[in-house]
Amino acid sequence: MGRKGSPRPPQAEGGCGPARPSLLWALPEELLLLICSYLDAQALGRLGQVCRRLRAFSGRDLLWRRIARGCLNSGFTQLGADLAAGIPVKERVKVSQNWRHGRCRRETLLKWKRNLMPWMHLDGEYLYLSQAEDIRAYRFRPDSTGLQRRPQAIFSGHQEDVCRFVLASSHIVSGGGDGNIILSKVHGSFSIKFSAHEQEVNCVDCQGGIIVSGSRDRTAKVWSLSSGRVGHCLHTVQTEDRVWSIAISPLLSSFVTGTACCGHTSPLRTWDLESGQLVTCLGTDFHRGAGVLDIVYETPFTLLSCGYDTYIRSWDLRVSTRKCVMEWEEPHDSALYCVRSDGNHMIASGSAYYGVVRLWDKRQSRCLQVRRDGR
């Protein structure tokens, strides 16, 4: 130690110690980035604790992007597309670790008296929720502490319960137990209702100016949304079984139906969107009654399905249409009513077993976390 009052050695830029030539900063930036690209999340975090300059350098999105692509719910799709470009990638990796380890804050966002299973859709700062014959839009509070108690908007028109709805551009398309389809403008009072099926409309999807719907009456229908032809039926597909789920391909060339599997054909079938003709059947080993309750496309060639047989299945149409590429089993033998994906490694599934929601990592066979509604 120096004597009292002796001058302190000069500090380098950014507070990295004495001002002497640094071999690290003498390297070209491209080489520094290459060296840091071999570090994992923990090592990069520790590197950022050395000094202010290294903290800024090690926090670059370029270094964390590779790590984030392998994380859960980090905003990156399997193809590498960034769905949350405005949020620093390092912060997304931190949130991803909370998802993996179950670190969260539990609170009740909404309560309602009717003991019904709602269909929900989260879109930006709004949560859309079906409650009996209505769809209600609840806005998140500005301080992000929860939802406002009163709905921002209520979309009505069905005479019976809303079975399923989707958000398409600036509209909500809903199918109800009354056999009708209603097209409602999100911001406004404009709506169109037309009679679609003889029995309840169990499922709908909407993309590219086209609506597809499936019903208990054993048909799937394709509807036009073009000007002057809204609600005009383009095709009626005889599925020979009750249709529980439906999804349009992102390529807008076909759609998939999920049926009750009460017959001898596969419950998952692909149909040509332009002609309504059968393209192919997915899978060959479904048991009778293994109805498909939800279908979601991840990419134009990959999709997820789930249903009464308690399995989540991943399909890759480029590999095989006869067998799924991966599957995950609900451990409590409960029907799976819905499934969603972050487009990367995470899957969330919902069942009627005490309102259980499970989080899955596609790279593992067992689920990561279990959430219950607390009732």
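Residues numbered from 1 in each chain as written. Predicted model: local features only at pLDDT ≥ 70, side-chain atom pairs only at ≥ 80, totals over all residues. Heavy atoms only, no water.

**Quick look at the overall build of the chain**
Right, on to step 1. Scanning the chain from terminus to terminus reveals six helices and 24 strands.
Right, on to step 2. In terms of its C-alpha atoms, the chain occupies a principal-axis envelope of roughly 95 × 50 × 45 Å.
Right, on to step 3. Here the chain, with 375 residues, has 43% of them falling under the buried criterion.
Right, on to step 4. Relative to all contacts within the chain whose residues are 6 or more apart in sequence, the contacts with residues 24 or more apart total 40%.
Right, on to step 5. Of the roughly 21,000 Å² of accessible surface on the chain, 51% is carried by carbon and sulfur atoms.
Right, on to step 6. The average position of the 49 basic charges and that of the 36 acidic charges among the side chains of the chain differ by 11 Å. (Helix = DSSP H or I, 4+ residues; strand = E, 2+ residues; numbered from the N terminus. Buried < 20%, exposed > 50% of the residue type's maximum accessible area, 1.4 Å probe, protein only. Contact = heavy atoms within 4.5 Å. Areas by Shrake-Rupley, 256 points an atom, 1.4 Å probe, with all protein chains shown as cover. Lys, Arg positive; Asp, Glu negative; His and termini not counted. Charge placed at Lys NZ, Arg CZ, Asp CG, Glu CD.)

**A short note on empty space enclosed by the protein**
Right, on to step 1. A full pass over the atoms with the stated rule returns three cavities of 30 Å³ or more.
Right, on to step 2. A volume near 40 Å³ is recorded for the largest cavity.
Right, on to step 3. Its residues assigned to classes, the lining of the largest cavity comprises four nonpolar, five polar and one charged. (1 Å grid on protein atoms, 1.4 Å probe; cavity = no way out; pocket = protein on both sides within 12 Å on 5 of 7 lines; lining within 4 Å. Points joined across faces, edges and corners; volume = space filled by probe spheres on them. Nonpolar A, V, L, I, M, F, W, Y, C, P; charged D, E, K, R; others polar.)

**A closer look at the pairing of strand β11 (residues 219-224)**
Right, on to step 1. Of all six residues in β11, six are buried, a share of seventy percent or more.
Right, on to step 2. Of the two faces of β11, the one lined by Thr219, Lys221 and Trp223 and the one lined by Ala220, Val222 and Ser224 are each fully buried.
Right, on to step 3. Where strand β10 (residues 210-215) and β11 come together, five bridges link them in antiparallel fashion. Within the sheet, the bridge partner assigned to Ile210 lies in β11 and is Ser224. (Pairing = 2+ DSSP bridges.)

**Some words on the packing of aromatic side chains**
Right, on to step 1. Scanning the entire structure with this criterion turns up five aromatic pairs.
Right, on to step 2. An angle of 40° between the planes, with centres 6.3 Å apart, marks the rings of Tyr126 and Tyr128 as tilted. Summarising the burial analysis for this pair, Tyr126 and Tyr128 share the class buried.
Right, on to step 3. With a centroid separation of 6.5 Å and an interplanar angle of 35°, the aromatic rings of Tyr128 and Phe155 are classed as tilted. (Phe/Tyr/Trp six-rings, centres within 6.5 Å; stacked < 30°, edge-to-face > 60°.)

**A word on the side chain of Thr77**
Right, on to step 1. For Thr77, the position within the fold is in the loop between α5 (61-69) and α6 (89-101).
Right, on to step 2. Discounting residues that sit within four places of it in the chain, Thr77 has contacts with Leu83 and Gly343.

**Re the layout of surface pockets**
Right, on to step 1. For the second largest pocket, the calculated volume is near 360 Å³.
Right, on to step 2. The residue makeup of the lining of the second largest pocket, split by class, is six nonpolar, four polar and six charged.

**Focus on the UniProt feature "repeat: WD" (unreviewed entry) in the chain**
Right, on to step 1. Within this numbering scheme, the UniProt entry marks residues 194-229 as carrying the feature "repeat: WD" (unreviewed entry).
Right, on to step 2. Structurally, residues 194-229 is divided into 0% helix and 58% strand, and its ends, taken at the C-alpha atoms, are 12 Å apart. (UniProt positions renumbered as here; feature names shortened; annotations may be inferred.)

**A few points about helix α2 (residues 29-36)**
Since the α-helix packs 3.6 residues into each turn, any two residues three or four apart lie on the same face.
Right, on to step 1. Buried residues of α2: Leu32, Leu33 and Cys36, and no others. Seen end-on, α2 carries its buried residues on one side only, within an arc spanning 100°. (Arc of directions from axis to C-beta.)

**Some details on the sheet that holds strand β23 (residues 357-361)**
Right, on to step 1. Read across the open sheet, the four strands follow the order β21-β22-β23-β24; overall the sheet is antiparallel. At either end of the open sheet lies a strand with only one pairing partner, and these are β21 (336-341) and β24 (367-371). With strand direction ignored, the average angle separating the axes of adjacent strands in the sheet is 20°.
Right, on to step 2. Pairing geometry for strand β22 (residues 346-351) and β23, over five bridges, is antiparallel. Following the sheet pairing, Ser349 is matched in β23 by Arg358.
Right, on to step 3. Sheet contacts for α6: β22, β23 and β24; angle to β24, the most-contacted strand, approximately 80°. (Axes fitted to C-alpha atoms, helices over the stretch in contact; angles between N-to-C directions.)

**Concerning the sheet that holds strand β9 (residues 201-207)**
Sheet strands associate in pairs through backbone hydrogen bonding, adopting either a parallel or an antiparallel arrangement.
Right, on to step 1. Strand order in the open sheet formed by four strands is β9-β10-β11-β12, and the pairing between neighbours is antiparallel. Whereas interior strands pair on both sides, the edge strands pair on one side only; in this sheet they are β9 and β12 (232-238). Here the average twist between neighbouring strands, direction ignored, is 20°.
Right, on to step 2. Sheet topology note: the β11/β12 ladder contains six bridges and is antiparallel.

**Points about the state of the cysteines**
Covalent bonding between the sulfur atoms of two cysteines defines a disulfide.
Right, on to step 1. Throughout the structure, instances matching the rule amount to zero disulfides.
Right, on to step 2. No disulfide involves Cys163; its nearest neighbouring cysteine sulfur is the one of Cys203, lying 9.1 Å away.
Right, on to step 3. Judged by its relative accessible area of 27%, Cys163 falls in the partly exposed class.
Right, on to step 4. In this structure Cys261 is not part of a disulfide, and its nearest cysteine sulfur, from Cys262, lies 7.3 Å away. (Disulfide = S-S within 2.5 Å.)

**Some thoughts on a nonpolar patch on the surface**
Right, on to step 1. Side chains of Leu24, Leu27, Leu31, Leu34, Ile35 and Tyr38 sit close together on the surface and give an oily, nonpolar patch of about 560 Å² of accessible area.
Right, on to step 2. For the nonpolar patch, the element with the highest residue contribution is α2, accounting for three residues.
Right, on to step 3. Tracing the backbone through its elements, the reader meets Leu34 in helix α2.
Right, on to step 4. The class of Leu34 is partly exposed, set by a relative accessible area of 44%. (Patch = residues over 30% accessible without salt bridge, like charges linked within 9 Å, V, L, I, M, F, W, Y side chains within 5 Å. Salt bridge = Lys/Arg side-chain N within 4 Å of Asp/Glu carboxyl O.)

**Observations concerning α6**
Right, on to step 1. The end-to-end C-alpha distance of α6 is 19 Å, a good match for the 18 Å that 13 residues give at a rise of 1.5 Å each.
Right, on to step 2. Elements in contact with the buried residues of α6: α5. (Expected span 1.5 Å × (residues − 1).)

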